[in-house]
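# Commentary on secondary and tertiary structure
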Amino acid sequence: PPAPSSLLQSAGAASARLSPRPATASDSTRKASTAAAAPHADAPTPFAIKLVSGAIAGVLGTSVIYPLDFLKTRLQNHKAASSLSPLAFLRATIAQSGVRGLYAGLMPNLLGVVPEKAIKLSANAYLRNVLADPSTAAVSLPAEMAAGAGAGLMQVVATAPMERLKIRAQVVGPSEGLADLVRGAGGLRGMYRGTAATLCRDIPFSIVFFTLAAKGKEALAGGGKASAAQSMYAGLGAGMVAAVVSTPMDVAKTRIQAPPVAGQEPYVRFLRTVMRVAREEGVGALFKGAAPRAAIIGPLFGIAIMSYDLCEKMYRAMVERREEAASVGAEARVMARSQ
């Protein structure tokens, strides 16, 4: 009979064949590099993904509500428009320029909306993550407001020239092409006319909007993850409130950025424009276009917030599927080596 020592040696050899191969230093290095390269479902969404999500959200929302934005600009820029209701002014505009006229300036607006919404939505999400409590991930009210202010400040790089070209196209009409609009606005430097007024509008708007939208989603979701519909409702309500609050700043910005009316002194400087409008037309004129502005901004940001959240959820789902597939593949490799 075989000696006990030879039996132990045979059993050890069989056990070695059945046992998984011991991990080596190269295996650990390869696993670490793979884990570092692959995104994780619980990791923050990459900033590039936030930018793409914001751009998609901006294009969808803007395309839907643009005719209302056209009406708002015409109401704010013309003194005579104050005697007409928004619906009567809309009918008069269609009779003069046709339905196509309601989309005057859409293309330069879309070209600006892509970076504007990408910066606005992604910057707010990034700043909320930075300002959140490290232990609980909760975002306080002051942090919400600071994140909104930061988003409004950063977006003006894209907002100011976009608004300048859009307003010029909406006032002049659909006869000018994009190159003509840029030349008529005074080139690159002229496109940034009214930047200070744009900041005076966008920072307060973003503080109000992002704070109310975040708190609205929390309330509607009961502390859990907000659904697509809940995100849209929160964005809709927050957008309408922020739009009305920031209307005086928007009226002043529109007067500054619009082409001068023949025989009328041009509007310059934000505070001077606010005081001039109030003196010549009354304080109520500072809220001219508030109703169409709320009707524009509410749906626009409701759609934008919903689209942004859906894009983020789609990215998360993709990462989770990739992680699951990688885990299944790793288990299959271990089992193959053990056979």
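For the structure given in this document, a descriptive report is provided here. (Residues numbered from 1 in each chain as written. Predicted model: local features only at pLDDT ≥ 70, side-chain atom pairs only at ≥ 80, totals over all residues. Heavy atoms only, no water.)

### Thoughts on helix H10 (residues 228-245)
The cut-off we apply is this: Helix and strand assignments follow DSSP, with helices taken as H or I runs no shorter than four residues and strands as E runs no shorter than two, numbered in order from the N terminus. What a helix should span is 1.5 Å times the count of its residues minus one. Only protein chains enter the accessibility calculation, which uses a 1.4 Å probe; a residue is then buried when its area is under 20% of its type maximum, exposed when over 50%, and partly exposed in between. An arc is given here, and it is the one of the directions from the helix axis to the C-beta atoms. What makes two residues a contact is simply this: any of their non-hydrogen atoms within 4.5 Å.
In this model H10 runs 26 Å from its N-terminal to its C-terminal C-alpha over 18 residues, within 8% of the 26 Å that 1.5 Å per residue would give. Of all the positions in H10, only Ser 231, Ala 234, Gly 235, Ala 238, Gly 239, Ala 242 and Ala 243 are classed as buried. End-on view of H10: buried residues confined to an arc of 150°, all on one side of the axis. Buried residues in H10 make contact with helix H9 (195-221), helix H11 (247-257) and helix H13 (290-338).

### Observations regarding the pattern of salt bridges
If the charged atoms of two oppositely charged side chains come close together, the side chains can form a pair. The condition is simple: The salt bridge definition used is simple: a Lys or Arg side-chain nitrogen within 4 Å of an Asp or Glu carboxyl oxygen.
Counting across every chain of the model gives 8 salt bridges. Of the charged contacts, one joins Arg 201 and Asp 202 as a salt bridge, the two residues approaching to 2.8 Å between their closest N and O atoms. The same class applies to Arg 201 as to Asp 202, namely buried.

### Things to note about the packing of aromatic side chains
The way to describe two aromatic rings as a pair is by their centre distance and the angle between their planes. Put simply, the test is: Under the pairing criterion, centres of Phe, Tyr and Trp rings, with the six-membered ring standing for Trp, must be within 6.5 Å; the plane angle then separates stacked pairs below 30 degrees from edge-to-face pairs above 60, leaving the rest tilted. Any Lys NZ or Arg CZ found within 6 Å of a ring centre and within 35 degrees of that ring's normal is scored as a charge over the ring.
Within this structure, the stated rule accounts for 4 aromatic pairs. Measuring from ring centre to ring centre gives 5.0 Å for Phe 209 and Phe 210, while their planes differ by 70°; the resulting arrangement is edge-to-face. Both residues of the pair, Phe 209 and Phe 210, count as buried. Both rings, one in Phe 209 and one in Phe 301, keep their centres 4.7 Å apart while their planes meet at 55°; by these two values the pair is tilted. On the criterion of sequence distance, the pair formed by Phe 209 in helix H9 and Phe 301 in helix H13 is long-range, its members being 92 residues apart. Residues Phe 209 and Phe 301 agree in their burial class; the two are buried. Taken together, Phe 205, Phe 209, Phe 210 and Phe 301 form an aromatic cluster joined through their ring pairs. The ring of Tyr 267 is capped by Arg 276, whose NZ or CZ atom sits 3.9 Å from the centre of that ring.

### Concerning a nonpolar patch on the surface
Rule in force here: For patch building, the residue pool is restricted to those with more than 30% relative accessible area and no salt bridge; the joining distance is 9 Å between like charges and 5 Å between nonpolar side chains (Val, Leu, Ile, Met, Phe, Trp, Tyr). Calculation of accessible area relied on Shrake-Rupley with a 1.4 Å probe; when residues are assessed, cover is drawn exclusively from the protein chains displayed.
Nonpolar side chains collect at one region of the surface, where Phe 47, Leu 51, Tyr 126, Val 130 and Leu 131 lie side by side and expose about 440 Å² of accessible area between them. Elements that contribute at least two residues to the nonpolar patch include exactly helix H3 (47-77) and helix H5 (106-131). For Leu 51, a relative accessible area of 30% corresponds to the partly exposed category.

### Side note on the environment of Pro 67
With respect to the secondary-structure elements, Pro 67 resides in helix H3. Overall, the relative accessible area of 18% leaves Pro 67 in the buried class. With 229 residues separating them in the primary sequence, Pro 67 and Ile 296 have C-alpha atoms 8.9 Å apart. If we ignore the near neighbours within four places in the chain, the residues touching Pro 67 are Leu 102 and Tyr 103.

Without other data, these values stay purely geometric and don't point to any function.
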